[in-house]
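# Fold and contact review
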Amino acid sequence: MFKENLFKRYKQNEPIEWYRQTQFYLILNPYCKICLKKHKIVPAEKVSPIVKPANNYNLFWDKANWQGLCLYHYNRKKLSENNFYKNTETL
Ligand SMILES: [Zn+2]
């Protein structure tokens, strides 16, 4: 219950914080993870969680669960998920 409230409150600042942290993440992880697996070097433009965190606050911000993706793979992944990331997609 408490965690859920904290998560909701945090969500208000989330787009800014998400942008800040993902930009930093992409500096350290500059290439699309899926493309790398196919031996292609493509710059990552978006950060996407490997496991969808739903309302799991800790998992949402867990960088071990993050991956940098190119726009192609990001959009493909997004299409297969629901609209949970709607608020952050516009950044
Ligand atoms: Zn890719």
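## Thoughts on the overall build of the chain
Across its full length, the chain carries five helices and two strands. Reading the helices (α) and strands (β) of the chain from amino to carboxyl end gives α-α-β-α-β-α-α. Residue burial in the chain is summarised as follows: out of 91 residues, 14% are buried. Sequence separation of at least 24 residues holds for 61% of the intrachain contacts in the chain that already meet a minimum separation of 6.

## Concerning the environment of Cys32
You can see Cys32 is positioned in the loop between α1 (2-28) and α2 (33-37). Each C-alpha atom, one on Cys32 and one on Glu45, is 7.8 Å from the other, the two residues being 13 residues apart in sequence. With near-sequence residues (within four places) excluded, Cys32 lies in contact with Val42, Ala44, Gly68, Leu69, Cys70 and His73.

## Considering the nonpolar core
By size, the foremost hydrophobic cluster in this structure holds five residues: Cys32, Ile34, Ala44, Leu69 and Tyr74. When near neighbours in sequence (up to four residues on either side) are disregarded, Leu69 contacts Cys32, Lys33, Ile34, Ala44, Lys46, Ser48, Tyr74 and Lys77.

## Observations concerning the environment of Asn29
You can see Asn29 is positioned in the loop between α1 and α2. For the pair Asn29 and Gly68, spaced 39 residues apart in sequence, the C-alpha to C-alpha distance is 6.5 Å.

## Some remarks on unusual backbone geometry
A positive phi is found at His39, a non-glycine position, where the angle reads about 65°. With respect to the element layout, His39 can be found in the loop between α2 and β1 (46-49). Classification of His39 by C-beta neighbours within 10 Å gives exposed; the count is 6.

## Thoughts on the confidence of the model for the chain
Mean pLDDT for the chain: 83, with 76% of residues reaching 70 or above. Of all helices and strands in the chain, the one with the weakest mean pLDDT is helix α5 (residues 86-89) (50), whereas strand β2 (residues 66-69) scores best (97).

## Here we look at the pairing of β1
Remember that side chains alternate between the two faces of the sheet whenever the strand is regular. The side-chain alternation of β1 yields two buried faces, one formed by Lys46 and Ser48 and the other by Val47 and Pro49. Sheet topology note: the β1/β2 ladder contains four bridges and is antiparallel. Each bridged residue has a counterpart across the sheet, and for Lys46 the counterpart in β2 is Leu69.

Reading the values: the criteria
- Residues numbered from 1 in each chain as written.
- Predicted model: local features only at pLDDT ≥ 70, side-chain atom pairs only at ≥ 80, totals over all residues.
- Helix = DSSP H or I, 4+ residues; strand = E, 2+ residues; numbered from the N terminus.
- Buried ≥ 20, exposed ≤ 12 C-beta atoms within 10 Å, placed from the backbone.
- Contact = placed C-beta atoms within 7 Å.
- Core = buried A, V, L, I, M, F, W, Y, C linked by C-beta atoms within 7 Å.
- pLDDT = per-residue confidence, 0-100.
- Pairing = 2+ DSSP bridges.

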